[in-house]
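# Overview (structure and organization)
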Amino acid sequence: RARARADAVAANSSSSRRRAGMDSKSQAIIAFLHSCGEATPSLAPAYAQMEELYKRKLWHQLTVALEELVGKEEAASQLVGVYDTFISDFKHKLNELALARIQIAVALRYTDEAAAIAFGETVADEQSDDMEAGAFVLCELARMLLRFGEVDKCKDKLDLAAAKIEGAAGVTAEVQAAFYRARSAYFKIKGPASEFYRAALLLLAYAPLGEMATAEALEMCFDLGIAALVGEGLYNFGELLEHPVVSTLEATQFAWLAHLLRAFSAGDIDQYEALVAQHHTKLEQQPALLSNTNFLKEKITLMCLTQTLFHRIGPNADRTVPFAHIASASKLPMDQVEMLLMRGLSLGLIRGVIDQVDQTMRLTWVQPRVLATEQIGMMTQRLSAWAATVSSTLTELDALTPEFAT
């Protein structure tokens, strides 16, 4: 019996020591929060609120308070310590995606690049089992690596993120936006411009311009405009022109870029040449445009071709187009029209048969495009004319073959 009592006393003593250890840890955390509040008086109410929520184990409310804290600039110097001492104690109780946002905010506050990347890699490993949180961390880590000049490592992280979210159901807009933000940033540096253009447009589908900071939104609009002009394979700006990107540019010092985009979309060579003459100084300040002068001239000519041939598509349209008509519209000599048509055919912009003897092209197809209002009106007129022709033909057939009419 004496031995049993001794064992019970020992067990109680051990349990007390464990409780004391837990109390000591909690007290140390609370003392840390007090010290942070004293060091930054403006944040003292926030730290006091977090202390109370921590004591009451209100993890959702604490998550909200933490996300507010990490967004405050005056807390920047304290975030690493707050994470190591405070958040790490209960991080497993938080929503994974919310925790990922907090962890990325902390990673950005490291002053040492190597330490920031190491922390980001650790977080990526911790979040690897959760699809959305894992993908979000990988995307933000990719952007961080890109800022540090680690372009190849950035691409590796993007590939891992893509493997997580591609084909997955229910991926939130926030995670999709993080992916396309990182992807567009990568292609902005690495190229090609056409891939940046596509990634940036997809980014704006998940994170509209109105939700971005003013500086980020303007930079995105400008970069999109330049990419549309110099990107290979981009011969239809209808989707871009219907987007607030162009109207945003028109309200800034980059209005000239918006005017250029509209000239290209219309295939208006006269307007293009007038804009080049008017804004040549600004154009020369853009290396991407300056190094692609010949390409831009070819592109506006091809867009003029597709716009010209578009008017020959539809019911009742004359699809046999003389070379002279194309030469007049594109401002090319007659002997260069055939090469222009062959270029359009090779790029998949048009389909048809060139008749070299008659100097004509029999058009069968023009690349689909997002139609402007006036183009929709033109197609409406053509369809109405076609419907009237079909109705007239049916009436004539009924009159000629009354026995079939019944």
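Residues numbered from 1 in each chain as written. Predicted model: local features only at pLDDT ≥ 70, side-chain atom pairs only at ≥ 80, totals over all residues. Heavy atoms only, no water.

Moving on, we get to the confidence of the model for the protein. Confidence in the prediction for the protein averages 89 pLDDT; 91% of positions are at 70 or higher. When mean pLDDT is compared element by element in the protein, helix α9 (residues 173-190) scores highest at 97, while helix α22 (residues 402-405) scores lowest at 63. (pLDDT = per-residue confidence, 0-100. Helix = DSSP H or I, 4+ residues; strand = E, 2+ residues; numbered from the N terminus.)

So, on to the nonpolar core. The biggest cluster of nonpolar side chains holds 123 residues, and the ones touching the most others in it are F86 and L229. By residue number, the principal contributor to this core is helix α7 (residues 131-147), which donates 11 residues. L229 has contacts with F237, L257, L260, L261, F264, L289, F295, L296 and K299, leaving out every residue within four places of it along the chain. (Core = buried A, V, L, I, M, F, W, Y, C linked by side-chain atoms within 4.5 Å. Buried < 20%, exposed > 50% of the residue type's maximum accessible area, 1.4 Å probe, protein only. Contact = heavy atoms within 4.5 Å.)

The next point concerns the pairing of strand β2 (residues 350-355). Pairing of β2 with strand β3 (residues 360-366), which is carried by six bridges, proceeds in the antiparallel orientation. Across the sheet, the residue bridging to G352 is L363, located in β3. With antiparallel pairing between neighbouring strands as the criterion, β2 and β3 make up a hairpin whose turn holds four residues, including Q359 at a positive phi of roughly 60°. (Pairing = 2+ DSSP bridges.)

A rise of 1.5 Å per residue sets the reference length of helix α14 (residues 255-266), with its 12 residues, at 16 Å; its end C-alpha atoms lie 17 Å apart and thus fit the reference within 8%. For α14, every residue scored as buried is listed here: A255, W256, L257, A258, L260, L261, A263 and F264. Of the residues flanking the end of α14, it is G267, one or two places downstream, whose phi is positive at about 65°. (Expected span 1.5 Å × (residues − 1).)

On to the packing of aromatic side chains, then. Two measures describe an aromatic ring pair: the distance that separates the ring centres and the angle between the ring planes. Under the counting rule described, the total for this entry stands at 14 aromatic pairs. Between the aromatic rings of Y180 and Y206, the centroid separation amounts to 6.0 Å while the plane-to-plane angle is 5°, which identifies the pairing as stacked. In this pair, Y180 sits in helix α9 while Y206 sits in helix α10 (residues 193-206), placing the two residues 26 residues apart along the sequence. With a relative accessible area of 16%, Y180 lands in the buried category. Ring centres of F222 and F254 lie 4.6 Å apart, and the angle between their planes is 45°; on these two criteria the pair is classed as tilted. In this pair, F222 sits in helix α11 (residues 214-230) while F254 sits in the loop between α13 (244-250) and α14, placing the two residues 32 residues apart along the sequence. (Phe/Tyr/Trp six-rings, centres within 6.5 Å; stacked < 30°, edge-to-face > 60°.)

Before going further, it helps to spend a moment on a nonpolar patch on the surface. Together, L383, W386 and V390 make up a nonpolar patch on the protein surface, roughly 290 Å² of accessible area in all. Here L383 falls in the partly exposed class, since its relative accessible area comes to 45%. (Patch = residues over 30% accessible without salt bridge, like charges linked within 9 Å, V, L, I, M, F, W, Y side chains within 5 Å. Areas by Shrake-Rupley, 256 points an atom, 1.4 Å probe, with all protein chains shown as cover. Salt bridge = Lys/Arg side-chain N within 4 Å of Asp/Glu carboxyl O.)

With that settled, consider the packing of helix α5 (residues 96-107) against helix α6 (residues 113-126). With their axes 9 Å apart at the nearest point, α5 and α6 run at an angle of 165° to one another. The angle between α5 and α6 falls in the class roughly antiparallel. The two elements α5 and α6 meet at a crossing, and its hand is right-handed. Of α6, the residues touching α5 (which contributes Q103, V106 and A107) are A116, F119, V123 and E126. Classifying every residue of the contact of α5 with α6 gives five nonpolar, one polar and one charged. (Axes fitted to C-alpha atoms, helices over the stretch in contact; angles between N-to-C directions. Parallel < 35°, antiparallel > 145°, perpendicular 65-115°, else oblique. Left-handed = near helix turned anticlockwise from the far one by under 90°. Nonpolar A, V, L, I, M, F, W, Y, C, P; charged D, E, K, R; others polar.)

Moving on to a negative patch on the surface. A surface patch of negative charge is lined by D112, E113, E150, D152 and D156. Position of E150 among the secondary structure elements: in the loop between α7 and α8 (151-165). Owing to a relative accessible area of 30%, E150 belongs among the partly exposed residues under this scheme. (Lys, Arg positive; Asp, Glu negative; His and termini not counted. Charge placed at Lys NZ, Arg CZ, Asp CG, Glu CD.)

To continue, consider the environment of A46. Tracing the backbone shows A46 in helix α2 (residues 44-56). For A46, a relative accessible area of 16% puts it in the buried group.

So, on to the sheet that holds β2. Strand order in the open sheet formed by three strands is β1-β3-β2, and the pairing between neighbours is antiparallel. Each edge of the sheet is formed by a strand with only one pairing partner; in this case those strands are β1 (320-322) and β2. For this sheet the average axis-to-axis angle between neighbouring strands, irrespective of direction, equals 30°. Strands in contact with helix α18 (residues 293-310) are β1, β2 and β3; relative to β3, the strand with the most contacts, it is inclined by about 90°. Contacts from helix α20 (residues 337-346) reach β2 and β3, with the element oriented near 145° to β2.

Before going further, it helps to spend a moment on the side chain of Q103. Note on placement: Q103 falls in helix α5. On the basis of relative accessible area, Q103 is assigned to the buried category, the value being 1%. Contacts of Q103, omitting those with residues within four sequence positions, involve Y83, F119, V123, E126 and Q127.

Each regular strand carries side chains that alternate between the two faces of the sheet. By the bridge criterion, three bridges tie β1 to β3 in an arrangement that is antiparallel. Residue pairing in the sheet places P322 in a bridge with T360 of β3.

Turning next to α5. With 12 residues, α5 should cover 16 Å at 1.5 Å per step; its first-to-last C-alpha distance of 16 Å lies within 8% of that length. Along α5, the residues classified as buried are L97, A98, L99, A100, I102, Q103, I104, A105, V106 and A107. Elements in contact with the buried residues of α5: α3 (59-70), α4 (79-85), α6, α7 and α9. Among the residues of α5, the N-terminal cap falls to N95, whose side-chain oxygen and the backbone nitrogen of L97 are separated by 3.0 Å. (Polar contact = N/O pair within 3.5 Å; in protein donor to acceptor, adjacent residues only side chain to side chain.)

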